[in-house]
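# Descriptive structure summary
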Amino acid sequence: MYMNDLREKKLRGEKITSITAYDYSFARVADEAGFDIILVGDSLGNVVLGYDTTIPVSIDDMEYHTRAVSRGTRNGLLISDMPFMTYSSTASALKNATILMQAGAQMVKLEGGEWLSETVNQLSKCGIPVCAHLGLTPQSIHKIGGFKIQGSDETSANTILSNAINLEQAGAELLVVECVPSELGKTISERLSIPVIGIGAGAGTDGQILVMYDLLGLSPQIPSFSKNFLRESSSISDALIRFGAAIRDGSFPKAEQTDGS
Ligand code: KIV
């Protein structure tokens with residue numbers, strides 16, 4: 001899967017399916033289930049390593065898991081998260097993104113707004129595709145003050161939208177938007193040419209993503225915007241196939257899985 005395939009899906013109005021994976025076997029099952037995007041999320045800090053936040057995740061952790069996931073991924077676009085403070089300067093971003101690309105990533109994801117424009121631009125010029133991440137950005141959890149919906153008033157919604165436009169202009173090719181009102185998720189998707197993938201951002205985004213362990217009911221606390229697909233399935237593979245189908249036919253997310261509604 002290449003970015004131009006995903007851009008064409010957006011133009012055709014077809015929903016983009018995404019899921020996280022952290023090792024070879026789950027990546028293989030997700031890939032065989034036909035997901036467009038497989039994200040080695042730094043959520044592995046929570047669900048695989050047992051930390052309270054994603055802040056302790058290191059570039060070595062991300063490299064190790066990216067290598068494993070890349071062995072199980074044949075068709076999906078493999079994106080890797082750049083962990084906390086590994087892209088605080090353009091020079092460190094270039095160095096650390098190189099590690100993830102050489103481990104098998106086809107794109108890297110960074111959390112943050114306009115301040116990343118120069119870095120996004122440089123990565124892109126060097127041939128490293130970038131996914132931006134706005135809304136609830138878990139690496140900034142101590143600054144944000146907890147896991148809560150973002151962009152619920154007009155000023156903060158406008159800031160998120162202008163950050164999104166700015167990052168697209170800087171060269172970002174994909175955007176993840178997390179935990180924002182559904183109206184904002186829809187507006188951002190309509191205003192950008194690049195595909196926008198939502199998590200807790202309503203049904204109006206170009207695609208959806210969930211953390212694999214949440215949709216398999218393995219996480220101790222499943223976020224309100226997620227859904228346990230394993231409960232109604234006969235196997236893990238079946239649960240992933242159902243999740244992908246629910247994204248495509250628009251039956252996921254429903255209003256109750258949308259934080260902002
Ligand atoms: O780390 C992660 O899994 C993510 C998704 C929640 C989008 O960033």
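Details of the structure are given in the entry above.
Below is a short write-up of the structure. From a predicted model like this one, the values you see are computed outputs, not experimental measurements.

Definitions and limits used
Residues numbered from 1 in each chain as written. Predicted model: local features only at pLDDT ≥ 70, side-chain atom pairs only at ≥ 80, totals over all residues. Heavy atoms only, no water. Near = heavy atom within 4 Å. Polar contact = N/O pair within 3.5 Å; in protein donor to acceptor, adjacent residues only side chain to side chain. Areas by Shrake-Rupley, 256 points an atom, 1.4 Å probe, with all protein chains shown as cover. 1 Å grid on protein atoms, 1.4 Å probe; cavity = no way out; pocket = protein on both sides within 12 Å on 5 of 7 lines; lining within 4 Å. Sits in = over half its atoms within 2 Å of the grid points. Nonpolar A, V, L, I, M, F, W, Y, C, P; charged D, E, K, R; others polar. Points joined across faces, edges and corners; volume = space filled by probe spheres on them. Helix = DSSP H or I, 4+ residues; strand = E, 2+ residues; numbered from the N terminus. Buried < 20%, exposed > 50% of the residue type's maximum accessible area, 1.4 Å probe, protein only. Contact = heavy atoms within 4.5 Å. Patch = residues over 30% accessible without salt bridge, like charges linked within 9 Å, V, L, I, M, F, W, Y side chains within 5 Å. Salt bridge = Lys/Arg side-chain N within 4 Å of Asp/Glu carboxyl O. Phe/Tyr/Trp six-rings, centres within 6.5 Å; stacked < 30°, edge-to-face > 60°. Lys NZ or Arg CZ within 6 Å of the ring centre and 35° of its normal. Axes fitted to C-alpha atoms, helices over the stretch in contact; angles between N-to-C directions. Parallel < 35°, antiparallel > 145°, perpendicular 65-115°, else oblique. Left-handed = near helix turned anticlockwise from the far one by under 90°.

So, about the site of the ligand. Around the ligand lies a shell formed by Thr 20, Leu 39, Gly 41, Asp 42, Ser 43, Asp 81, Lys 109, His 133, Val 176, Ile 199, Ile 209 and Val 211. Residue Asp 42 places a side-chain N or O atom 3.1 Å away from an oxygen atom belonging to the ligand. Here an oxygen atom of the ligand sits 2.8 Å away from a polar atom, N or O, in the side chain of Lys 109. Taking 260 Å² as the accessible area of the ligand by itself, protein coverage stands at 95%. Judged by the proximity of its atoms to the pocket grid, the ligand belongs to the largest pocket. Classifying every residue of the shell around the ligand by side-chain character gives 5 nonpolar, 4 polar and 3 charged.

Turning to empty space enclosed by the protein, a few remarks are in order. Tallied over the entire structure, the rule returns 1 cavity of 30 Å³ or more. Volume-wise, the largest cavity comes out at about 50 Å³. As for the largest cavity, its lining consists of Ser 18, Ile 37, Leu 39, Ile 79, Lys 109, Leu 174, Val 176, Ile 197 and Ile 209. Class assignment of the residues belonging to the lining of the largest cavity gives a composition of 7 nonpolar, 1 polar and 1 charged.

In this section: the side chain of Ser 189. Looking at the element boundaries, Ser 189 is found in helix H9 (residues 182–191). Taking the relative accessible area as the measure of exposure, Ser 189 reaches 3% and is therefore buried. At 2.8 Å, the side chain of Ser 189 and the backbone oxygen of Gly 185 are in polar contact. Among residues more than four places away in sequence, those in contact with Ser 189 are Lys 10, Val 196, Gly 204, Thr 205 and Asp 206.

A grouping of Val 48, Leu 49 and Tyr 51 is seen on the molecular surface, where their side chains present a nonpolar patch of about 220 Å² in accessible area. Taking relative accessible area as the criterion, Leu 49 reaches 36% and is therefore assigned partly exposed.

Tracing the backbone shows Lys 109 in strand E4 (residues 107–111). Only 2.7 Å separates the side chain of Lys 109 from the side chain of His 133, close enough to count as a polar contact. Once residues within four sequence positions are removed from consideration, Lys 109 is found in contact with Leu 39, Ile 79, Ser 80, Asp 81, Met 82, Cys 131, His 133 and Val 176.

Size it by volume and the largest pocket reaches roughly 830 Å³. In terms of lining residues, the largest pocket is bounded by 36 residues, among which Asn 46, Phe 147, Val 211, Asp 214 and Pro 223 are the most central. Residue assignment for the lining of the largest pocket shows that the elements contributing at least two residues are helix H3 (44–47), E4, strand E6 (174–178) and strand E8 (207–210). Broken down by class, the residue content of the lining of the largest pocket amounts to 17 nonpolar, 10 polar and 9 charged. Its boundaries defined by the atoms lining it, the second largest pocket holds a volume of some 490 Å³.

Here the structure, examined in full by the defined rule, presents 7 aromatic pairs. Aromatic pair Phe 229 and Phe 243: ring centres 5.2 Å apart, planes at 50°, arrangement tilted. On the criterion of sequence distance, the pair formed by Phe 229 in the loop between helix H10 (212–215) and helix H11 (236–248) and Phe 243 in helix H11 is long-range, its members being 14 residues apart. With a relative accessible area of 2%, Phe 229 lands in the buried category. Note on Phe 243: relative accessible area 0%, which makes it buried. In textbook terms, an aromatic cluster arises when at least three aromatic residues are bridged by ring pairs, as seen for Phe 35, Phe 229, Phe 243 and Phe 252. A cation over an aromatic ring shows up here: Lys 227 above the ring of Phe 229, its NZ or CZ 4.6 Å from the ring centre.

By secondary structure assignment, the location of Arg 242 is in helix H11. On the basis of relative accessibility, which here comes to 35%, the residue Arg 242 falls in the partly exposed class. Taking the C-alpha atoms as reference points, Arg 242 and Phe 252, 10 residues apart in sequence, are found 10.0 Å from one another. Once residues lying within four places of it in the same chain are set aside, the contact partners of Arg 242 are Phe 229, Glu 232 and Ser 233.

Here we come to the packing of helix H2 (residues 24–32) against H11. At a closest axis distance of 9 Å, the pairing of H2 and H11 adopts a crossing angle of 45°. In terms of orientation, H2 lies oblique with respect to H11. Of the two possible hands of crossing, H2 and H11 adopt the one that is right-handed. Of H11, the residues touching H2 (which contributes Phe 26, Val 29 and Ala 30) are Ile 236, Ser 237 and Leu 240. Classifying every residue of the contact of H2 with H11 by side-chain character gives 5 nonpolar, 1 polar and no charged.

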